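Coordinate inspection notes
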Amino acid sequence: MSADGSPPPSPAHHRLDEHLELLRVEQPPADRSLAPRIVRTARWQRALRAPVQVAASVVGAVIDALSGLIGAGRRGPR
Amino acid sequence: MAPLAQPREAVSDPDADLVAGTLAGDLGAFDQLVERHQAVVHRIAARIVGRDEADDVVQETFLRAYHRLDRFRGESPFRSWLLQIASNSALNAVRRKRPEPVAAVTEGEPYGAERPTARTPVSELEDRERRERLELKLRELRAEHRAVLVLRDLEGLPYEEIADITGSPMGSVKGRLHRARNELIEIMRANTYDWELPDER
């Protein structure tokens, strides 16, 4: 734990390292189906991304146009 | 998706080709990136948030990476960039979570442990129980301390990479790690059954 120029580890740090070794040697089991699930999700999210972006642009443009019309109406002929 | 920007150190990054492939729309390349890094991301997530929520953090990490890949500039290796996302996702999950009922776990009945069977060697069983108690103790650490301790003392990452991942200067990483170790020692000292070391104070 101390190959970094820091002070030499105390007995307590040595003891801690012994405990942590228990965790280092044991790997939490990963779910084998996770990788395919992630890729499937990425696939459909990618498929949705472009239409959603287009829809958002259209909605934004409509709101801008309506705001312009309403603003023009309020300023209207005096 | 935007084409890959010329990374500064792409040549030294073993993932550069797969990153470029993913950016070009090749989901097979992304699949390989997931396969290659899933284990380390899962280990880090499990140590920070606990095994029950690790899969969610892993999924969130890779999907975020996928959707933000066009922002990856290659200034650090892809793995460090990915682990930065993993660490942030895990820390966010910890913040969203309610406090864990750590105190409710008794020494004789570690959470999630299978009942001993006649065929299980005693030492193996004891190790597993100690490991589970240690994982719970680890989760009593403050989240930022926990993350640095996991990255350094469990994953063995160099300080430079941890500084990249946490977005902190290396001096802060070392200081945080020192405090994390001392905090964990104090937590474990409260459990003399595991610690078995005369109090030095």
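Residues numbered from 1 in each chain as written. Chains lettered and ligands numbered in written order. Predicted model: local features only at pLDDT ≥ 70, side-chain atom pairs only at ≥ 80, totals over all residues.

Points about the interface of chain B and chain A
When the parts come together, some accessible area is lost, and that loss is often what is quoted as the size of the interface. If you look at the interface, chain B gives 33 residues, while chain A gives 26 residues. Elements with a minimum of two residues in the side of chain B that touches chain A: helix H2 (27-49), helix H3 (51-68), helix H5 (122-138), helix H6 (143-154) and helix H8 (170-189) of chain B. Looking at the side of chain B that touches chain A element by element, the count peaks at ten residues for H2 of chain B. Taken together, the residues of the side of chain B that touches chain A break down into 18 nonpolar, three polar and twelve charged. (Contact = placed C-beta atoms within 7 Å. Helix = DSSP H or I, 4+ residues; strand = E, 2+ residues; numbered from the N terminus. Nonpolar A, V, L, I, M, F, W, Y, C, P; charged D, E, K, R; others polar.)

Some remarks on H3 of chain B
Look at H3 of chain B: 26 Å from first C-alpha to last across 18 residues, which is about the 26 Å you get at 1.5 Å a residue. Listed as buried for H3 of chain B are Ala54, Val57, Val58, Gln59, Thr61, Phe62, Ala65 and Tyr66 of chain B. Summarising the contacts, the buried residues of H3 of chain B are in contact with helix H2 (34-75) of chain A together with H2 and helix H4 (78-96) of chain B. (Expected span 1.5 Å × (residues − 1). Buried ≥ 20, exposed ≤ 12 C-beta atoms within 10 Å, placed from the backbone.)

Structural notes on H5 of chain B
For an α-helix, 3.6 residues make a turn, and residues three or four places apart therefore share a direction. Taking 1.5 Å as the rise per residue, H5 of chain B with 17 residues should run 24 Å; its terminal C-alpha atoms sit 24 Å apart, in good agreement. Of all the positions in H5 of chain B, only Arg133, Leu134, Glu135 and Leu138 of chain B are classed as buried.

Describing the confidence of the model for chain B
Residues and elements named next belong to chain B. Mean pLDDT for chain B: 82, with 80% of residues reaching 70 or above. Of the regions scoring below 50 in pLDDT, residues 1-11 engages in 19 contacts with residues more than four places distant in sequence or in other chains. Scored below 50 in pLDDT, residues 101-116 makes 17 contacts in the model with residues more than four places away or belonging to other chains. With pTM at 0.74, the complex prediction returns an ipTM value of 0.70. (pLDDT = per-residue confidence, 0-100.)

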